[in-house]
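# Remarks on the overall topology
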Amino acid sequence: MPPTYDGFWLPSTIKDEIITPDTPWLTAHYAAGRPSVENAPGTVSARWPVFNANQWDRLFDLLDERRTPPPADFIERLQMAFTTLSHRFSDPHDPLTRTALGTIPAYTGYAPEMIQFVLRSLDLMPLTTLAEAIDLVLPLDVQYHFIPLQDLGNLQGRIRFYPAGPGNLIQRLFSSSKKKTFPTTVQHPRRVLGYAAGNVMGTAHLISLLAQVSALIHPSSGSKPAEIPTILVKNSRQEPIFAPLIFSALEEIDPLLTASLAIMVWDYEDTYLQETLVAKSDLVLAAAADYTIEQIEQVIQRVQTPSHPIRFHPHGHKVSFTTIGKDYLLKEQPASASPGLDLIHLTSMLAALDSIFWDQYGCLSSRVHFIEAGCSGVYTPLEYGHFLTEKIRMLSAFLPRGAIPLHGLHTRFEKYTALAASGRVDLCSNYEDDFLVVVDTRSWSPAIFQDVVNDCVERTIIIRPVQTPMEIPQTYLRWLPAKNLQTMIVAIDGPTTRTWSSAFTQFVEAVGERGITGIRAIGRGAFPQLAYSWDGYLPLDLSLERRPGYFTSVEFENTHQQILDTYRLYAARSRLGLK
């Protein structure tokens, strides 16, 4: 009989003390990314204990007892552990790799090749930059324009804070000194409660990692780090096995990294339990659907008190886009990353990767590609669409689509085939392809744009020509709720531009004002850097209270250099066929 895997994780030192022979269990079965029945072909099963009130109280007590101040080399130990995990996942014979590839595709529906590539690519998200992020002391001027992070430490890129509400201009008039720092107050959490979404792998681990890092944040020189908080994360039933696998492996490598955290499962509908767990927490991190976010917020409002306020970092439904400027569409322009490779091939390859990871179900996956058009000597949006189609076909051999049925994709293909009769829509892909690439030059209204964005799932990419990148914030982003905007992936400012052009500066200011919180170079969409903004929150926000608003960060200073560096990282993974 196939094994039933744990869909939860507790430190080994307390697991047997909490779970008794009388503890009831729930079990779920999965195959091809959907619920299944026990012992059906290809089925993987996961189980969770159902705790009573006394067990929940005891769990918090035991986790609290294991809280300790982080050692000085905490981030280095995290990075070493991640490097060890990456090496293990690169070994097809390692039991960790075999378990991951034997279970994760069954309950996610993603292809094993996709899972394997991500597990072997942890170096695309280095943790060492977190050490720089937690030491940032932001100037007051971060509220008025993008501040180069090199002026504040060793991070690349720039950052700006967009305050919520009126009064920013008045405050600026009375706060003109550049020596003043961005106002914050210290709020180190003792207990962190997390809610992890299940649409992509690793959310539970990301929440846990950030919660641990909160203890390292010290807003003034000489101040001491806090204790690593007690961390309880609600795992998703849609993504039950990866987090326990990772934490079990981390505990073997370095038990300090997992001492005061637990990954559990419980029902949102259990109002008493929800209120009890939230009331015990100081900080709640939630990556979930908008409806779930609203439910959690309502619980927080009910249970918090003036003497025990609860901070909330919600991460709801988000959408991301790509903008490619004319500098990256030049004809017969060699790419310095590889002799004999034209820039358009590098551009379309990296842009394709940003849209096909997680079959476009992740919030970071690009949906619409905005392409600067109307210039001589550059490829047209339609020509770009054909390059993009060619690259996705090639990548599909290495990163195939998962077990999602094709009927949704075929329905969209037929829809856009009918629209092509207008002469304003061109299909670049074929019905036989397991993806869809369309160039759409119709007149768009807000409703049409929203429908287009919602269509872009399961590797559906809509290409939209624009005369200048500024059309995007001035027109299209205005048609979507700011709270649902996340990332703008860019290829703007070409090989001869060493720092931000005035046009690029104007663009990032405008998209940030609309609600975009992360700006990344093409190829980096699926691998955000943890030192930068996640939906408007910095790592600093975990332990510092500040005025309402959001941060927008740009993760590079030189666009072209970042693109070349990204290409080389992928090229090192020869299975993608990059040379």
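In this report, the structure presented in the accompanying data block is examined. Everything numeric here is computed off the predicted structure, so don't read it as measured data.

### Points about the overall build of the protein
Tallying secondary structure elements over the protein gives 18 helices and 21 strands in all. For 579 residues, the compact-globule formula gives about 25 Å, and the C-alpha radius of gyration of the protein, at 24 Å, lands near that figure. On the principal axes, the C-alpha backbone points of the protein span a range of 70 × 70 × 45 Å. The buried share of the protein, taken over its 579 residues, is 57%. For the protein, the share of sequence-separated contacts (at least 6 apart) that also reach a separation of at least 24 residues comes to 77%. Of the roughly 23,100 Å² of accessible surface on the protein, a fraction of 54% belongs to carbon and sulfur atoms. Distance between charge centroids for the protein: 4 Å, based on 49 positive and 59 negative side chains.

### Observations regarding the side chain of Ser 365
Relative to the elements of secondary structure, Ser 365 occurs in the loop between α12 (343-356) and β14 (366-372). Within polar-contact distance, the side chain of Ser 365 engages the backbone oxygen of Phe 357 at 3.2 Å. With sequence-adjacent residues up to four places away left out, Ser 365 is seen in contact with Ser 320, Asp 354, Phe 357 and Gln 360.

### Considering the sheet that holds strand β9 (residues 230-234)
One open sheet holds the five strands; their spatial order is β10-β9-β8-β11-β12, and the pairing between them is parallel. At either margin of the open sheet sits one strand with a lone partner, and together these are β10 (261-264) and β12 (311-315). Along the sheet, successive strands turn relative to each other by an average axial angle of 10°, direction set aside. Against the sheet, helix α8 (residues 203-213) engages β8 (191-195), β9, β10 and β11 (283-287), with an angle of about 160° to β9.

### Quick notes on the pairing of strand β4 (residues 44-49)
Remark: a regular strand shows side chains that alternate across the two faces of the sheet. Of all six residues in β4, five are buried; the element is thus mostly enclosed. Note: strand β1 (residues 4-6) against β4, three bridges, orientation parallel. Residue pairing across strands places Thr 4 opposite Ser 45, the latter belonging to β4. Note: strand β2 (residues 25-31) against β4, six bridges, orientation antiparallel. In the sheet register, Trp 25 faces β4, and the bridge partner there is Pro 49.

### Here's the deal with the nonpolar core
Among the nonpolar cores identified, the biggest contains 187 residues, and Leu 59, Phe 321 and Phe 357 are the most heavily contacted of them. Residue contributions to this core peak at nine residues, all from α12. The contact partners of Phe 357, leaving out residues within four places of it in the chain, are Met 114, Phe 117, Val 118, Ser 365, Leu 399, Ala 526, Phe 527 and Tyr 570.

### As for the environment of Glu 372
Mapped onto the elements of the fold, Glu 372 is located in strand β14. With 81 residues separating them in the primary sequence, Glu 372 and Val 453 have C-alpha atoms 19 Å apart. In this structure, Glu 372 is in contact with Ile 324, Gly 325, Lys 326, Leu 329, Val 466, Gln 467, Thr 468 and Pro 469, ignoring residues within four places of it in sequence. A polar side-chain atom of Glu 372 sits 2.9 Å from the main-chain amide nitrogen of Lys 326.

### A word on the environment of Leu 155
Mapping Leu 155 onto the fold places it in the loop between β5 (147-148) and β6 (158-163). Accessibility expressed as a relative area gives 3% for Leu 155, which makes it buried. Apart from residues lying up to four places away in sequence, Leu 155 is in contact with Thr 129, Glu 132, Ala 133, Leu 136, Leu 149, Gln 150, Ala 531 and Tyr 532.

### Details of helix α14 (residues 407-419)
Between its first and last C-alpha, α14 extends 18 Å over 13 residues, near the 18 Å set by a 1.5 Å rise per residue. When we look at burial in α14, the residues that qualify are Gly 408, Leu 409, His 410, Arg 412, Phe 413 and Tyr 416. On the buried face of α14, the contacting elements are β15 (425-427), β16 (436-440), α15 (446-455) and β17 (460-466).

### Some points on the pairing of β12
Taking burial as the measure, the five residues of β12 include four buried ones, the bulk of the element. Where β11 meets β12, five bridges bridge the pair, whose relative direction is parallel. If you follow Leu 285 over to β12, its bridge partner there is His 313. A crossover links β11 with its parallel partner β12, the connecting element being helix α11 (residues 290-303), and its sense is right-handed.

Cut-offs applied
- Residues numbered from 1 in each chain as written.
- Predicted model: local features only at pLDDT ≥ 70, side-chain atom pairs only at ≥ 80, totals over all residues.
- Heavy atoms only, no water.
- Helix = DSSP H or I, 4+ residues; strand = E, 2+ residues; numbered from the N terminus.
- Rg over C-alpha atoms; globule rule 2.2 N^0.38 Å.
- Buried < 20%, exposed > 50% of the residue type's maximum accessible area, 1.4 Å probe, protein only.
- Contact = heavy atoms within 4.5 Å.
- Areas by Shrake-Rupley, 256 points an atom, 1.4 Å probe, with all protein chains shown as cover.
- Lys, Arg positive; Asp, Glu negative; His and termini not counted.
- Charge placed at Lys NZ, Arg CZ, Asp CG, Glu CD.
- Polar contact = N/O pair within 3.5 Å; in protein donor to acceptor, adjacent residues only side chain to side chain.
- Pairing = 2+ DSSP bridges.
- Axes fitted to C-alpha atoms, helices over the stretch in contact; angles between N-to-C directions.
- Core = buried A, V, L, I, M, F, W, Y, C linked by side-chain atoms within 4.5 Å.
- Expected span 1.5 Å × (residues − 1).
- Right-handed = clockwise from strand over helix to strand, strands pointing away.

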